[in-house]
Structure formats: C-alpha cells, structure tokens
Amino acid sequence: MMIRSRAIRATLWWGMTLGTLLAGAAWVRAADSGLLSLDREALSVANAWRSPWLDEAFLRLTWLGSLWILLPLVLFAGVLLWRRGKWAEALFILVALIGGSLLARQMKDLVLRPRPDLFPALTAVGSEFSFPSAHALQVTAVAAALWLVAARLAPQHRQWLIPVLLLIVVAVDFSRLYLQVHYLSDLLAGTVAAACWVAGLSVLMLPKDAATDS
C-alpha cells in the first residue's frame, strides 16, 4: 500500500511536469498569445540593460546551467555521498540531472520553437530550438535535488541553502534571457517542469520512511 501511494504521488508530480511543458508548448504556438507579447517585452528590457560588464558576467554565469559544469558537480557530490554510504541520495541527484536534461532535449525536438531573433544572440547555442530552456531545467533540477538531499541528511543547513540555490537558478535563467537565446516562457516552463520532475523523483527515490540520520 505504501509503495502504491508513493507511485501515485510520483505520477501526479510527473503529470504536472508534462502538463507544464505541453501547456507551455500550446501557448507559445498561438501567434496572438499574450505570453508572446510578454516574451518580446522581456527580451527588449534585457537588451536595454546591455553593458560590457554585464555581457561578461552573464556569459560566465550561464555556464552554471550547462552539463559541462553540472555533470562533473553532480558526479563529485555523488562520490562524496556514496563514500558516506548514501548511495540512494547519490543516485537521486544523478538521475535528477540526466532525466531533466533528456526531458528538455526531447521537448525541444517535439515543439521545434526557433530561438529568439529580436536582437542578436550574445553566445553560441547547441540546439537551434528554444522551448524549453535546457539550462533552466538542468540547473533547477540539480538545485532542487541538492536541497532535498540536504534537507534529508543535514536539515540544520537547509535554510541557508534556499537563498543560495534560488539565486543560482535565477541568475542562470536571466542569463539566458539577457544573452538573447531564450524567451521568458522557455525559462519559466523549464524551471517549473524541473521542480515537478524532481519532486516526483524524490517520492520514489527518497521516501521519508527510509530516511536515516547522517
């Protein structure tokens, strides 16, 4: 019964993940959508803030959402956890990142939304498609997973982790907008979908009844 309950809760979270992405995809395909107007306005505002030092800062910050940075970080954290005997937590953060990354890339190939072209892009991109933002989805997935692991193993530290992880997520999200490679809707969908994806994963991989003291 307990396993069935966890499976139902995980399914509900993952349904919200898929629902977020599908609803966002349907919305951005509507040419007269108010969301598209908001997308254009957000890009215009970001472009108006352009300055050489911000260009340099966001070109660096945006890497925090890349697999080139996140995967080694997750592997390092996973090794540390595994050496402490926390193999479930180690596997959890790895699956959170890899699953989130694959989800973003699959949705890009389904939605086929072109990148913004309102202003020149300030950085190269790996895919020609925009929705959802893989950077936003990946960094949110890792941030959420790390917070859940911290809340499970070291609850005394979880409060100060919240603003730090939120700041990283917001910085990466805004960097993609500032660099003119993503619409605001790409970022919002990726962030919300990642949070739901990791919440569902935690129900199955980090059940409360199996938690142990660190």
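Every value quoted in this text rests on a predicted model; they were computed, and no experiment measured them.

Enquirer: Which residues make up the side chain of Thr140, and what are the values?
Expert: Here Thr140 is to be found in helix H6 (residues 134-153). Taking the relative accessible area as the measure of exposure, Thr140 reaches 7% and is therefore buried. The contacts of Thr140, once residues within four sequence positions are left out, are Val169, Thr191, Ala194 and Ala195.

Enquirer: Residue-level account of the packing of helix H1 (residues 2-28) against helix H8 (residues 184-205), with values.
Expert: Where H1 contacts H8, the two axes come as close as 7 Å, and the packing angle between them is 170 degrees. One element, H1, and the other, H8, form an angle in the roughly antiparallel class. Packed against H1, whose contacting residues are Arg6, Ala7, Arg9, Ala10, Trp13, Trp14, Met16, Thr17, Thr20, Leu21 and Val28, the element H8 presents Ser185, Ala189, Val192, Ala193, Cys196, Trp197, Ala199, Gly200, Leu201, Val203 and Leu204 at the interface. When the residues that make up the contact of H1 with H8 are grouped by side-chain class, the tally is 16 nonpolar, four polar and two charged.

Enquirer: Which residues make up the nonpolar core, and what values go with them?
Expert: Counting residues in each nonpolar core, the largest one holds 29 residues, and the members touching the most others are Leu81, Phe92, Ile93, Ala145, Val149 and Val198. For this core, the secondary-structure elements that each account for two or more residues are helix H4 (67-83), helix H5 (87-111), H6, helix H7 (158-178) and H8. When residues of this core are assigned to their parent elements, the largest contribution, 10 residues, is made by H6. In this structure Leu81 touches Lys86, Trp87, Glu89, Ala90, Ile93, Val149 and Leu153, once residues within four positions along its chain are discounted.

Enquirer: Explain H6 to me, and be specific about the residues and the numbers.
Expert: The end-to-end C-alpha distance of H6 is 28 Å, a good match for the 28 Å that 20 residues give at a rise of 1.5 Å each. Where H6 begins, one side-chain oxygen reaches toward the backbone nitrogen of His135, 3.5 Å away; that side chain belongs to Ser133.

Enquirer: Account for a nonpolar patch on the surface, with residues named and values stated.
Expert: A cluster of nonpolar side chains, contributed by Trp63, Leu64, Trp68, Ile69, Trp160, Val164 and Ile168, occupies part of the molecular surface with about 740 Å² of accessible area. Looking at the nonpolar patch, the elements with two or more residues in it are H4 and H7. By residue number, the principal contributor to the nonpolar patch is H7, which donates three residues. Positionally, Val164 belongs in helix H7. According to the relative accessible area criterion, Val164 is partly exposed, its value standing at 37%.

Enquirer: So what's going on with the pattern of salt bridges? Residues and values would help.
Expert: Taken as a whole and assessed by the stated rule, the structure comprises five salt bridges. Across the pair Asp39 and Arg113 runs a salt bridge whose closest N-O atoms are separated by 2.9 Å. Taken as a pair, Asp39 in helix H2 (residues 34-48) and Arg113 in the loop between H5 and H6 lie far apart in primary sequence, 74 residues in all. Measuring nitrogen to oxygen at the nearest pair gives 2.7 Å for the salt bridge that ties Arg50 to Asp55. Judged by its relative accessible area of 14%, Asp55 is buried. Shared partners join several salt bridges into a network, and the residues in it are Asp39, Arg113 and Asp186.

Enquirer: Account for the environment of Leu103, with residues named and values stated.
Expert: With respect to the helices and strands, Leu103 occurs in helix H5. Not counting residues within four places of it along the chain, the set of residues in contact with Leu103 comprises Thr17 and Leu21.

Enquirer: I'd like a description of the side chain of Asp39, backed by residues and values.
Expert: The exposure class of Asp39 is buried, given its relative accessible area of 1%. Within the local environment of Asp39, its side chain forms a polar contact with the side chain of Arg113, the two groups lying 2.9 Å apart. A distance of 2.7 Å separates polar atoms of two side chains, one belonging to Asp39 and the other to Ser185. Those residues in contact with Asp39, other than ones at most four positions away along the chain, are Arg113, Tyr183, Leu184 and Ser185.

Enquirer: Residue-level account of the packing of H4 against H5, with values.
Expert: At their nearest, the axes of H4 and H5 sit 7 Å apart, and the two run at 160 degrees to each other. Taken together, the axes of H4 and H5 lie roughly antiparallel to each other. You can see that H4 and H5 cross each other, and the crossing is left-handed. In this structure, H4 contributes Leu67, Leu70, Leu71, Val74, Leu75, Ala77, Gly78, Leu81 and Trp82 to the contact, and H5 contributes Trp87, Glu89, Ala90, Ile93, Leu94, Leu97, Ile98, Ser101 and Arg105.

Criteria and thresholds
Residues numbered from 1 in each chain as written. Predicted model: local features only at pLDDT ≥ 70, side-chain atom pairs only at ≥ 80, totals over all residues. Heavy atoms only, no water. Helix = DSSP H or I, 4+ residues; strand = E, 2+ residues; numbered from the N terminus. Buried < 20%, exposed > 50% of the residue type's maximum accessible area, 1.4 Å probe, protein only. Contact = heavy atoms within 4.5 Å. Axes fitted to C-alpha atoms, helices over the stretch in contact; angles between N-to-C directions. Parallel < 35°, antiparallel > 145°, perpendicular 65-115°, else oblique. Nonpolar A, V, L, I, M, F, W, Y, C, P; charged D, E, K, R; others polar. Core = buried A, V, L, I, M, F, W, Y, C linked by side-chain atoms within 4.5 Å. Expected span 1.5 Å × (residues − 1). Polar contact = N/O pair within 3.5 Å; in protein donor to acceptor, adjacent residues only side chain to side chain. Patch = residues over 30% accessible without salt bridge, like charges linked within 9 Å, V, L, I, M, F, W, Y side chains within 5 Å. Areas by Shrake-Rupley, 256 points an atom, 1.4 Å probe, with all protein chains shown as cover. Salt bridge = Lys/Arg side-chain N within 4 Å of Asp/Glu carboxyl O. Left-handed = near helix turned anticlockwise from the far one by under 90°.

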